Amino acid sequence: MAGILREILRITHRVIELIVSGVLWLMYRGGGKKMPAIENLLLLDSASVLAFKIRTGKVSSVEVVELFISRIKEVNPVLNCVVDERFEEALKEAKQVDELIRSNIKTVEEIARDTPFLGVPFTTKDSIKVKGLSHTAGLYKRKDIKADKDAVVVSLMRKAGAIPLAVTNISELCMWWESSNTVYGRTNNPYNTNHIVGGSSGGEGCIQAAAASAFGIGSDIGGSIRMPAFFNGIFGHKPSRDIVSNDGQYPFPTGEQETYLGVGPMCRFASDLAPMLRILADKNASKLHLDEKVDIQKIKYFYMENDGGSVLVSPVHPEIRTAMRKVVAHFEKAYGIKPQKILNKKFSKSAPIWFAKMKVKGAPSFSEQLTNLEGSVNVYLEFLKWILCWSNHTFIGLCTALTEMWGVKHGSEKHQYLVNMCSQLKLELQDMLGTDGVLLYPTHPTPAPYHNEPVIKPFNFSYTGIINVLGLPATNCPLGLSENGLPLGIQVIANQNQDHLTLAVACELEKAFGGWVPPAIAV
């Protein structure tokens, strides 16, 4: 009987998905607003290449910063990815960089060693502090708050010579996978503005894909780096747990939740991932073996094409399954390696496991977070206000608060069952992956949905969320565009502190499949 009910629920959910998707297709057909074409070849350079050109005098930092400022001004009216900027300060800092280089106080080699990204502009999401810029976390009550100092990761990037340029849009309190809030509105996908950019680092994924930032920083507690990276066709890496500092973020996780949150690089080129992660990890970088040369042929490859059959999660799109099979075929043809197909049914419980693990004793409720920890909202009253267009919260923010109220209770029998299942799954993966294995797994079951469509697919984040509570590193790798022109990709997962393996595979897949696909180019 339970099996019959699950099948009825699965079919009902699928029918609702198809109906809503059809209605949205009718509403949004036409392709959306047109993206401005790329008109300067420097926008097609990686951050590492730009840094090399700056320190060797082939181009000035001022020229690079001015170029990205111009690009932001060009694309932001269409995409709404940047929510605050420090253009004047960035240009002053760029001039200082150029003066330092002209002074010849340091050799090119010394600059590369001490400040590897000297003079290169970067961006980050609004929820990560950049001194003087918006730090709202997408919450209306924080709309006037500016960061009083830099987050640790921003300070580390400054120390490496990079120049903060702007902060980008997110979802309300970073807890949804479409970047839209009542402070700054909604961000649009650069490949088709009728589609989402993901969340919560959606504005960051968007600005990278649009070539309006040299590189960026995101944070990820349930897929907030990897989903936007996937939807926008760029690389995004969630590091192993307890490697990169979370200091300077809002909201800040409680207790064990902090080990699920990972700050990491978001960029268009795989070659930037390791240099960025080395800087962000700081004193913990040595734990990740980033300087070890990885032999692609000596890695053990495993893959799963889906999560094993979760009832309320969308089926994996045929084009994503095809992309996965192309990756498997690549390793077979190029290296004579046959990746092993696996099926671990525990992955079908990814969403319930994530929700259970997020229940940490002493953590403020989402209803309290919605008040900026100054009380608690009456969720039912707020829903009524939302219907009357009086609420300062998003519909999905209120739904999140309601889901938490109705969800599994901390310490209950079901909670303990799911927590134990998570521990068992981690042990199984640790045993399988060892120190030389990677798991190829979908980042998300579908390409970027239409705006608002995630409301009927709320649990699709589970493909990424499960990796957070397992504490494992994972890298989203773009694999070209779908027939509808939307990015495709998969994530590469390794054992804890084996980040160098996922980054090496990302570089291999970029060489094999082309990586980031630029928007229109007119040079």
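Structure: above.
Bear in mind the structure is a predicted one, so any value in this text is a computation, not a measurement.

Thresholds applied
- In every chain, residue numbers begin from 1 and rise along the written sequence.
- Since the coordinates come from a predicted model, pLDDT governs what is reported: local features require at least 70, and pairs of side-chain atoms require 80 or more to be given and counted, while whole-chain, interface and lining totals use all residues.
- In computing side-chain values, all of the structure's heavy atoms are included and hydrogens and water are not.
- A helix here means a DSSP run of H or I that spans at least four residues, while a strand means a run of E at least two residues long, and both kinds are numbered starting from the N terminus.
- Atoms counted for the radius of gyration: C-alpha only. Globule rule: 2.2 Å times residue count to the power 0.38.
- Think of it in three bands: residues with accessible area under 20% of the maximum for their type are buried, residues over 50% are exposed, and the middle band is partly exposed, with areas taken using a 1.4 Å probe on protein chains only.
- To measure how exposed things are, a 1.4 Å probe is used in the Shrake-Rupley method; for residues, cover is taken only from the protein chains shown.
- Counting rule applied: Lys, Arg positive; Asp, Glu negative; His and chain ends not counted.
- A single reference atom marks each charge: NZ on Lys, CZ on Arg, CG on Asp, CD on Glu.
- Between any two strands, at least two bridges found by DSSP are needed for them to pair.
- Contact definition: two residues touch when any of their heavy atoms are within 4.5 Å.
- Fitting a line to C-alpha atoms yields each axis, with helices limited to the stretch in contact; the angle taken between N-to-C directions then spans 0 to 180 degrees.
- Here, a salt bridge means any side-chain nitrogen of Lys or Arg that lies within 4 Å of a carboxyl oxygen of Asp or Glu.
- In this analysis, the expected span of each helix is defined as 1.5 Å times one less than the number of residues it contains.
- Whenever two N or O atoms come within 3.5 Å, that pair is a polar contact, provided that in protein one can donate a hydrogen and the other can accept it, and provided that, for residues adjacent in sequence, both atoms are side-chain atoms.
- For Phe, Tyr and Trp, where Trp contributes only its six-membered ring, two rings pair if their centres lie within 6.5 Å, and the inter-plane angle classes them as stacked under 30 degrees, edge-to-face over 60, or tilted in between.

**Quick word on the overall build of the protein**
Here is step 1 of the chain: In terms of regular secondary structure, the protein is built from 18 helices and 13 strands.
Here is step 2 of the chain: The C-alpha radius of gyration computed for the protein amounts to 22 Å, which stays within 12% of the reference 24 Å derived for 523 residues, consistent with globular compactness.
Here is step 3 of the chain: With the C-alpha coordinates of the protein rotated into their principal frame, the extents come out at 75 × 60 × 45 Å.
Here is step 4 of the chain: Per-residue burial over the protein gives 60% buried out of 523 residues.
Here is step 5 of the chain: For the protein, the accessible area works out to roughly 20,800 Å², and carbon and sulfur atoms hold 55% of it.
Here is step 6 of the chain: Taken together, the 56 basic and 51 acidic charged side chains of the protein have centroids lying 3 Å from each other.

**Structural notes on the sheet that holds strand β10 (residues 340-341)**
Here is step 1 of the chain: Pairing in this open sheet of eleven strands is mixed, and the strands run β1-β3-β2-β6-β8-β7-β12-β13-β11-β9-β10 from one edge to the other. Two strands in the sheet have a free side with no partner beyond their single neighbour: β1 (82-85) and β10.
Here is step 2 of the chain: With five bridges joining them, strand β2 (residues 121-125) and strand β3 (residues 163-168) adopt parallel strand pairing. Paired with T123 across the bridge in β3 is A166.
Here is step 3 of the chain: Here helix α4 (residues 87-103) sits on the sheet and contacts β1 and β3; the angle it forms with β3, its principal contact strand, is near 160 degrees.
Here is step 4 of the chain: Across the sheet, helix α11 (residues 318-335) lies against β9 (300-303), β11 (437-441), β12 (474-481) and β13 (487-494), angled at about 55 degrees from β13, the strand it touches most.

**So, the pattern of salt bridges**
Here is step 1 of the chain: All told, the structure shown has 24 salt bridges when counted by the stated rule.
Here is step 2 of the chain: Residue D148 is joined to K129 by a salt bridge in which the shortest nitrogen-to-oxygen separation is 2.9 Å. Highlighted residues: D148 in the loop between β2 and α6 (152-159) and K129 in the loop between β2 and α6, separated in sequence by 19 residues.
Here is step 3 of the chain: A residue is classified by how much of its surface remains accessible, and D148, at 53% relative accessible area, is exposed.
Here is step 4 of the chain: When its relative accessible area of 16% is taken as the criterion, K129 is described as buried.
Here is step 5 of the chain: Across the pair R325 and E305 runs a salt bridge, and its minimum N-O distance is 2.9 Å. Here the residue R325 occupies a position in helix α11, and E305 occupies one in the loop between β9 and α11, the gap between them amounting to 20 residues.
Here is step 6 of the chain: According to the relative accessible area criterion, E305 is buried, its value standing at 10%.
Here is step 7 of the chain: Through salt bridges with shared partners, one network takes in R86, E93, D150 and R158.

**Thoughts on helix α15 (residues 395-406)**
Here is step 1 of the chain: Taking 1.5 Å per residue as the helical rise, α15 with its twelve residues ought to reach 16 Å, and the 17 Å between its terminal C-alpha atoms agrees with that figure.
Here is step 2 of the chain: Along its buried surface, α15 packs onto α13 (366-369) and α14 (379-387).

**Focus: the side chain of T464**
Here is step 1 of the chain: Relative to the helices and strands, T464 is located in helix α17 (residues 462-470).
Here is step 2 of the chain: For T464, the side chain forms a polar contact with the main-chain oxygen of G222, separated by 2.8 Å.
Here is step 3 of the chain: Not counting residues up to four positions away in its chain, the partners in contact with T464 are G222, G223, R226, M227, T443 and Q491.

**Some words on the packing of aromatic side chains**
For any two aromatic rings, the description comes down to two numbers: the centre-to-centre distance and the angle of the planes.
Here is step 1 of the chain: Taken as a whole and judged by the stated rule, the model has 17 aromatic pairs.
Here is step 2 of the chain: Seen in terms of ring centroids, F347 and Y441 are 5.0 Å apart; in terms of plane orientation they differ by 50 degrees. Their pairing is tilted. Of this pair, F347 sits in the loop between β10 and α12 (350-358) while Y441 sits in strand β11; the two residues are 94 residues apart in sequence, bridging distant segments of the chain.
Here is step 3 of the chain: Classification of F347 by relative accessible area gives buried; the value is 1%.
Here is step 4 of the chain: According to the relative accessible area criterion, Y441 is buried, its value standing at 0%.
Here is step 5 of the chain: Each ring, one from W386 and one from F395, has its centre 4.9 Å from the other, and the planes form 40 degrees; the classification is tilted.
Here is step 6 of the chain: Note on W386: relative accessible area 36%, which makes it partly exposed.
Here is step 7 of the chain: The exposure class of F395 is partly exposed, given its relative accessible area of 30%.
Here is step 8 of the chain: Following the ring pairs from residue to residue traces out a cluster consisting of W176, W177, F230 and F231.

**Points about the pairing of strand β6 (residues 216-220)**
Here is step 1 of the chain: Burial analysis of β6 places five of its five residues in the buried class, the great majority of the element.
Here is step 2 of the chain: Where burial is concerned, the two faces of β6 agree: the one with G216, G218 and D220 and the one with I217 and S219 are both buried.
Here is step 3 of the chain: As paired strands, β2 and β6 are joined by two bridges and run parallel to one another. Along β6, the bridge assignment pairs T124 with I217.
Here is step 4 of the chain: Relative to strand β8 (residues 262-267), β6 runs antiparallel, the two sharing five bridges. Residue I217 lies in a different strand from β8, and its bridge partner there is P265.

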